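What follows is each chain in one-letter form.
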Amino acid sequence: MSLEPHGNILINRVLKPEDAIKMTEVAKGLRPLVIDEELVKDVKNIARGVYSPLSGFMVKEDFERVVSEMKLADGTVWPIPFVLDVNEETANEISIGEQIALVEENGNPVAVLNVRDKYIYEDGHVAKQVFGTIEDDHPGVKMIYDMEDYLLGGDIELIDNSKEPFNEYNLDPLETRLLFKEKGWETVVGFQTRNAPHRAHEYIQRIGLEVTDGLFINPVIGKKKTGDFQDGAILKAYTYMVNEIFPRDRSVLSILPLKMRYAGPREAILHAIIRKNFGCTHFIVGRDHAGVADYYGTYEAQEIFDTIEDIGVTILKLEHSFHCKGCETVATSKTCAHDNELRTPPSGTVIRKLLQAGEPVPAEIMRPEISQLLIDLGDIFVK
Ligand SMILES: [Zn+2]
């Protein structure tokens, strides 16, 4: 018995190979619209059902209700707008009902869009509602301000289903659902990450594994900030974890190409919905999930789930964990009574500094073999 996808429908807008060949020919005669690499990811995610029940870019009705109420027009919970922006000149040329070709910067056709709607929006209102602020220091708000003035809505049909890079780790919801079923997992906990694993991550993954049948490690890959771990390093480190540390039949590693919006609480809901579509029954939300700077309260991303309709995923609301010399293990404020001076929280800055210098991170913070693996890889941070 596996969990239904969000909105009870698993979207599949990927054209079969023979249809994709025909559509490539059709696309040559359509108006081309160049989309950047982040939008290509959204197009592919939509087509593969990662964003089910979205079958395309949002029409005005969906967009406005998502912004103001976190719901699609039909009432399904949905926290983040997925939109295709164009400038006024392009908007004027395109008519509703037209089919246009979405192409990469190199001209490669990715998908066709059946244009169903064309509309304008108020960026300050969107920023305030979705991100809780209108300050353009917030990277998500800046993305909204940088968008063109018009939005196109409509269903897509995917021509190019290529999955590079990391093809072998890029499973669709259909594939993960089948895999979980084959493994006999009735409950699966999803884990979101953008980092190489340290002990505190492992600790919360173990908590997840204690209460469910399987662990789905699903790192977000793609555009990163300077100093972030490179995608390849994260994958190498987690490959070790799923092969050598966790029982092999109890964990699955697959990537999620997705742009971070840093929308904090709203993004936590999106992350949970996406994992539900992959077949997860549980999802881990830590403190300040998907937050940036101090725009959101420590527990806001956990508390928001108490204010929305049940989305059918059990949220494991976990505390930050640390190594405690008194407990002689990783613990949280819920399980350890010792003073702060005995506790060592994992510090991203310290970990980065040591690894960059080719020095292992203290063993109570990161497994020595993970440290070594990362040091051996070299060049593991985004410049
Ligand atoms: Zn302790």
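Residues numbered from 1 in each chain as written. Predicted model: local features only at pLDDT ≥ 70, side-chain atom pairs only at ≥ 80, totals over all residues.

**Concerning the nonpolar core**
As a rule of thumb, soluble globular proteins bury nonpolar side chains together. Where we set the bar: Structurally, a nonpolar core is described as a collection of buried Ala, Val, Leu, Ile, Met, Phe, Trp, Tyr and Cys residues joined by way of C-beta atoms within 7 Å. Around each residue's C-beta, the other C-beta atoms within 10 Å are counted; 20 or more make the residue buried, 12 or fewer make it exposed, and counts in between make it partly exposed. All C-beta atoms are placed from the backbone. The domain boundaries here were taken from an automatic or database domain assignment. Here, residues touch in the contact sense if the C-beta positions derived from the backbone fall within 7 Å of one another.
Ranked by internal contacts, the top residues of the largest apolar core, which has 98 residues, are Val43, Leu102, Ala111, Val112 and Phe216. Both of domain 1 (6-158) and domain 2 (167-377) provide at least three residues apiece to this core. Every residue in contact with Leu102, bar those within four places of it in the chain, is listed here: Leu33, Ile35, Val43, Val110, Ala111, Val112 and Leu113. Ranked by size, the runner-up nonpolar core spans five residues in total, among them Ala200, Phe322, Cys324 and Ala331.

**A word on the sheet that holds strand 13 (residues 322-324)**
Defined as follows: Strand pairing follows a simple DSSP-based rule, namely that at least 2 bridges must link the two strands. What counts as a helix is a DSSP run of H or I of at least four residues, what counts as a strand is a run of E of at least two, and both are numbered from the N terminus.
If you walk across this open sheet you meet the three strands as 14-13-15, and the pairing is antiparallel. Each having just a single partner strand, strand 14 (329-331) and strand 15 (343-344) make up the two edges of the open sheet. As defined by bridge partners, strand 13 adjoins strand 14 across three bridges and the pair is classed as antiparallel. Across the sheet, the residue bridging to His323 is Val330, located in strand 14.

**Here we look at the packing of helix 5 (residues 123-131) against helix 6 (residues 139-146)**
Applicable threshold: Note on geometry: axes are lines fitted to C-alpha atoms, helical ones only across the stretch in contact, with angles between N-to-C directions running from 0 to 180 degrees. Working rule for angles: under 35 degrees goes down as roughly parallel, over 145 as roughly antiparallel, 65 to 115 as roughly perpendicular, anything else as oblique. Handedness of a helix crossing follows the sense of rotation of the near helix relative to the far helix, less than a right angle counterclockwise being left-handed and clockwise being right-handed. Amino acids are sorted into nonpolar (Ala, Val, Leu, Ile, Met, Phe, Trp, Tyr, Cys and Pro), charged (Asp, Glu, Lys and Arg) and polar (every other residue, Gly among them).
Between helix 5 and helix 6, whose axes approach to 9 Å, the crossing angle comes to 155°. For the element pair helix 5 / helix 6, the angle class is roughly antiparallel. For helix 5 against helix 6, the interelement crossing comes out right-handed. Listed contacts from helix 6 to Asp123, Val126, Ala127 and Phe131 of helix 5 are Gly140, Val141, Ile144 and Tyr145. The residue inventory of the contact of helix 5 with helix 6, partitioned by class, reads six nonpolar, one polar and one charged.

**Some thoughts on the domain arrangement of the chain**
Interfaces are often sized by the accessible area lost when the parts come together. Taken domain by domain, the chain holds domain 1 (6-158) and domain 2 (167-377). A straight line from the C-alpha centre of domain 1 to that of domain 2 covers 28 Å. Facing the 21 residues of domain 1 at the interface are 24 residues of domain 2. Of all the secondary-structure elements, those providing two or more residues to the side of domain 1 that touches domain 2 are helix 2 (37-47), helix 5 and helix 6. Residues that form the side of domain 1 that touches domain 2 fall into these classes: 10 nonpolar, eight polar and three charged.

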